[in-house]
Amino acid sequence: MIFPTQYNEVLNRIEQVDPIAYGRSRNFVDGAVTYLSPYISRGVISTKQVLHSVFGRGYNPEKIKKFIQELAWRDYWQQVWIHKGSAIEKDLLHPQPGFDNHQLAISIIRAETGIHAIDTAIETFYETGYLHNHVRMYVAAMACNLGRSHWKAPARWMYHHLLDGDWASNALSWQWVAGSNSRKQYIANQENINRYCHSQQRGTFLDKPYSRLLTDPKPEALGPLADLELTTKLPKTTPPEIDAELPTLIYNYYNLDPRWHVEMKANRVLLLEPEVFSKYPVSESCIRFVLELAKNIPGIQIFTGSFAALRSHLVRSEIRFKEHPLNQFQGTEEPREWMFETTGYFRSFFAFWKRCERESR
Ligand SMILES: Cc1cc2nc3c(=O)[nH]c(=O)nc-3n(C[C@H](O)[C@H](O)[C@H](O)COP(=O)(O)OP(=O)(O)OC[C@H]3O[C@@H](n4cnc5c(N)ncnc54)[C@H](O)[C@@H]3O)c2cc1C
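Undergrad: I would appreciate a short explanation of the overall build of the chain in the present structure.
TA: In terms of regular secondary structure, the chain is built from 16 helices and seven strands. A globule of 361 residues ought to have a C-alpha radius of gyration of about 21 Å, and the chain, at 21 Å, matches this closely. Overall size of the chain, expressed as C-alpha extent along the three principal axes, is 70 × 45 × 35 Å. Sorting the 361 residues of the chain into buried and exposed places 37% on the buried side. The long-range share in the chain, meaning contacts at least 24 apart out of those at least 6 apart in sequence, stands at 72%.

Shown next as structure tokens:
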């Protein structure tokens, strides 16, 4: 899977979505998933834009409910981040059961778990920056519920490599699998993996009934652990050239929307804050991806530095930015696009979804 960066190719990809086939096959590794998340996470497109596209092609909302629901998960996790803030950095609803380390199994990092479908997926993940949702769940279950790692270090490892890294979807999904943001831990055995990955492997440490997966001793393959030293290599930049008579639009890792005030005469700056990337490190491929996506925004300048450093170059230019939990800037904050008007914290996705459904009727 490759991820083109030109805006028209991204729009084409939205048009290719088949929400009916999606509902039938999304759990299979070769199912009709959309591969849109890198663009949604980077703020190039919104969930609402995707929804409008499928409605525009005449699909009946009832027939594509599963697809809309999955898109709504994204908005849901973002709402949780907005309303819970730094609380998502820790176990959200209750302590993660049974963990005994804050590292990650070396076999997962090296794609050498012995579970062929998972190892192949992790190898491809390092090449492409993408992992299928079901495989993300399998890996998280192996890391946290069998390898007994606390969710945070493994989540940071996955986020580091994902082109679609979105800390809300990431941290909160890891917590959902690990049982700190759900009622029970998610697990999958070899039979389940074989079914959805089309493999036929037998006799592995996962080849047992569900009742034994959590109670048997830790599998040997998940024993050796490693600390992860994750860093981000940001580009070196020069101070931006600013026309103080024009407003300055600030873009960042989560907002690269080429439509944003497209008609406005403005200074446009992609701000890469070292402090943010030291908290949430990403790979060189992720940075390359973002710099390529930024090319869809005419005249944009890249600035690596803090908001305060950027502001010192802006003189009296009016500052505008889009709302996001990471954007603690001074200036005019503008709303993001959501699929529904329902906002706020809901303890469960289905409580949120019910409100969205009621609203859409
Ligand atoms: C452990 C774990 C970590 C994850 N980390 C991230 C992450 O860092 N960034 C990220 O974008 N997603 C994350 N997800 C959610 C999900 O796996 C991806 O959004 C999805 O696989 C992206 O591929 P796609 O665009 O082909 O999705 P599709 O299945 O085609 O779905 C369409 C869109 O719906 C949304 N969506 C679908 N499923 C989910 C979901 N479970 N949660 C939130 N949104 C969803 C996404 O915006 C996605 O682009 C994670 C899930 C798990 C289990």
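On we go.
Undergrad: Would you take a moment to explain the nonpolar core for this structure?
TA: The nonpolar side chains of a soluble globular protein tend to be buried with one another. Residues Ala140 and Leu271 are the most contacted members of the largest nonpolar core, which totals 85 residues. Take this core: its biggest share by element is 10 residues, from helix α8 (residues 133-146). In contact with alanine 140, not counting residues within four places along its chain, are Pro154, Trp174, Val177 and Ala178.

Undergrad: For this particular structure, what's the right way to read the sheet that holds strand β3 (residues 248-251)?
TA: Each strand in a sheet pairs with another by means of backbone hydrogen bonds, the pair being arranged parallel or else antiparallel. In spatial order, the strands read β5-β4-β3-β6-β7; together these five strands make up an open sheet with parallel pairing. Looking at strand neighbours, the two that pair on one side only are β5 (301-304) and β7 (332-334), the edges of this open sheet. Here the strands of the sheet are splayed against their neighbours by 30° on average, with no regard to which way each runs. Pairing between β3 and strand β6 (residues 319-322): three bridges, direction parallel. Each bridged residue has a counterpart across the sheet, and for leucine 249 the counterpart in β6 is arginine 320.

Undergrad: Quick question: what am I supposed to make of the site of the ligand here?
TA: If you check the shell around the ligand, you find 28 residues, and the closest are Thr34, Ser37, Asn133, Asn170 and Ser173. For the shell around the ligand, the secondary structure elements donating two or more residues are α3 (37-41), α5 (65-84), α8, α9 (152-161) and α10 (167-178). Counting residues domain by domain, the shell around the ligand receives three or more from each of domain 1 (7-87 + 344-360) and domain 2 (90-226).

Undergrad: I'm lost on the pairing of β6 in this one. Help?
TA: Each regular strand shows side chains that alternate between the opposite faces of the sheet. Across three bridges, β6 lies against β7 in parallel orientation. Counted as the bridge partner of phenylalanine 321 is glutamate 333 from β7.

Undergrad: Hey, could you run me through the environment of leucine 310 in this one?
TA: With respect to the element layout, leucine 310 can be found in helix α15 (residues 307-311). The spacing of leucine 310 and leucine 271 is 39 residues in sequence and 7.9 Å in space, taken between C-alpha atoms.

Undergrad: Explain unusual backbone geometry here, please?
TA: Leave glycine aside and you will find that most residues have negative phi; peptide bonds, for their part, are mostly trans. Its identity is not glycine, yet histidine 198 carries a phi of approximately 55°, on the positive side. Turning to its location among the elements, histidine 198 is positioned in the loop between α11 (190-197) and α12 (210-213). The phi dihedral of histidine 261 is positive, around 45°, even though this residue is not glycine. Residue classification places histidine 261 among the partly exposed residues on the basis of 13 C-beta atoms within 10 Å.

Undergrad: I tried to follow the domain arrangement of the chain on my own but got confused; where do I start?
TA: One frequent convention defines the size of an interface as the accessible area lost when the parts assemble. Annotation of the chain at the domain level lists domain 1 (7-87 + 344-360), domain 2 (90-226) and domain 3 (248-330). For domain 1 versus domain 2, the separation of C-alpha centres amounts to 24 Å. Each side of the interface is counted separately: domain 1 has 15 residues, and domain 2 has 15 residues. Looking at the side of domain 1 that touches domain 2, the elements that each hand over two or more residues are α3 and α5. For the side of domain 1 that touches domain 2, the element with the most residues is α5, which contributes six residues.

Undergrad: Just to check I follow, could you spell out helix α7 (residues 116-128) for this structure?
TA: Structural remark: α-helix, 3.6 residues per turn; residues separated by three or four positions point the same way. Given a rise of 1.5 Å per residue, 13 residues ought to cover 18 Å, and the 18 Å separating the end C-alpha atoms of α7 matches this to within 8%. For α7, the complete set of buried residues consists of Ala117, Ile118, Ala121 and Ile122. One side of α7 carries all its buried residues, which in axial view fall inside an arc of 130°. Phi for glycine 129, located one or two positions after α7, is positive at around 80°.

Undergrad: How should helix α14 (residues 284-294) be read in this particular structure?
TA: Those residues of α14 that fall on the buried side of the exposure criterion are Cys286, Phe289, Val290 and Leu293. Summarising the axial view, the buried residues of α14 lie within an arc of 95°, below the 170-degree limit, and thus occupy one face. Buried residues in α14 make contact with α3.

The rules behind each value
- Residues numbered from 1 in each chain as written.
- Predicted model: local features only at pLDDT ≥ 70, side-chain atom pairs only at ≥ 80, totals over all residues.
- Helix = DSSP H or I, 4+ residues; strand = E, 2+ residues; numbered from the N terminus.
- Rg over C-alpha atoms; globule rule 2.2 N^0.38 Å.
- Buried ≥ 20, exposed ≤ 12 C-beta atoms within 10 Å, placed from the backbone.
- Contact = placed C-beta atoms within 7 Å.
- Core = buried A, V, L, I, M, F, W, Y, C linked by C-beta atoms within 7 Å.
- Pairing = 2+ DSSP bridges.
- Axes fitted to C-alpha atoms, helices over the stretch in contact; angles between N-to-C directions.
- Near = placed C-beta within 6 Å.
- Domains from an automatic or database assignment.
- Expected span 1.5 Å × (residues − 1).
- Arc of directions from axis to C-beta.

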